[in-house]
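# A structural walkthrough
In case you want the letters, here they are:
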Amino acid sequence: MSLESIVGAATEALRLGELVVYPTETFYAIGADALSPAAVDLMLHVKNRESGKPVGLIAADAEMAFAIAKEIPPLAKILAARFWPGPLTLVLRAQAGLHSGLVGPDGQVGVRVSSHPVAWRLSRSLGRPVTASSANRAGQPPARSVTEARAMLKDNIKLYVGDVTSTARLPSTVVGFEDGAVRVIRAGAIAADKIERVIRSKVRR
């Protein structure tokens, strides 16, 4: 089965409000149409996700990612230009109307453009952001393979995509923006000092 056929089947499932498990450049994720409240509700129920813990999103490109934000700090644009596609999640002030499960208590949403060919194609094909919560139930380790994901999520998922075990050791790095500065919220695959070097080099110019 070709990559396009696999993505097509997964996209159709998402359009019907169902859930898929798919690979990213870090761990496997549970995908739901991020702009469908019913689909996000289903994903949160399947994960048994605690309230107040927002779910990150994957977008097909920076334009789609930034469209869900009220404002884009200049530093966010700098980091997106350098690290997207890749394992960097930017936390931005969310547009009104996003599902509360995607938005933190501070009104912000996390989004990245994935470098994994399945993940970014899935969002591109759907034409909307896709949820990127790790493919597990709350309190369990993130899935590195479809086998691990299936053992935890069972028949709650319409389609499991992927046949490769992830070698990732770390999740995406999560950064926010406050008072014109970058704050690392969660350490991850991109080291904080690398982010700081990029910011320093741009600010000096």
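Let us look at the structure shown here. (Residues numbered from 1 in each chain as written. Predicted model: local features only at pLDDT ≥ 70, side-chain atom pairs only at ≥ 80, totals over all residues. Heavy atoms only, no water.)

## Describing the environment of Ser 114
Structurally, the position occupied by Ser 114 is in the loop between strand 5 (108–113) and helix 5 (117–126). The class for Ser 114 is buried, based on a relative accessible area of 1%. Distance in space between the C-alpha atoms of Ser 114 and Ala 34 is 15 Å, their sequence separation being 80 residues. In this structure, Ser 114 is in contact with Thr 24, Glu 25, Ile 58, Ala 59, Pro 85, Gly 86, Ala 119 and Trp 120, ignoring residues within four places of it in sequence. Polar contacts involving the side chain of Ser 114 include one to the main-chain amide nitrogen of His 116, which spans 3.0 Å. (Helix = DSSP H or I, 4+ residues; strand = E, 2+ residues; numbered from the N terminus. Buried < 20%, exposed > 50% of the residue type's maximum accessible area, 1.4 Å probe, protein only. Contact = heavy atoms within 4.5 Å. Polar contact = N/O pair within 3.5 Å; in protein donor to acceptor, adjacent residues only side chain to side chain.)

## Overview of the sheet that holds strand 3 (residues 57–59)
An order of 6-3-5-4-9-10 is seen for the six strands of this open sheet, with the pairing classed as mixed. In this open sheet, the two edge strands, each paired with only one partner strand, are strand 6 (130–131) and strand 10 (181–186). Of the pairings in the sheet, the one linking strand 9 (residues 173–178) to strand 10 comprises five bridges and is antiparallel in character. Within strand 10, the position partnered with Val 175 by the bridge is Val 184. Against the sheet, helix 4 (residues 74–83) makes contact with strand 4 (88–93), strand 9 and strand 10, and its axis sits at roughly 155° relative to strand 4, the strand it touches most. (Pairing = 2+ DSSP bridges. Axes fitted to C-alpha atoms, helices over the stretch in contact; angles between N-to-C directions.)

## Comments concerning the pattern of salt bridges
In a structure, side chains of opposite charge can pair up when their charged atoms sit close to one another. Inspection of every chain in the model, using the stated rule, returns five salt bridges. A salt bridge links Arg 121 to Glu 4; the nearest nitrogen and oxygen atoms lie 3.1 Å apart. Of this pair, Arg 121 sits in helix 5 while Glu 4 sits in helix 1 (residues 3–15), and the two are 117 residues apart along the sequence. Among the residues examined, Glu 4 registers a relative accessible area of 48% and is labelled partly exposed. Where Arg 183 meets Glu 178, a salt bridge forms, and the shortest distance between an N and an O atom there is 3.6 Å. Residue Arg 183 is classed as partly exposed on the basis of its relative accessible area of 42%. (Salt bridge = Lys/Arg side-chain N within 4 Å of Asp/Glu carboxyl O.)

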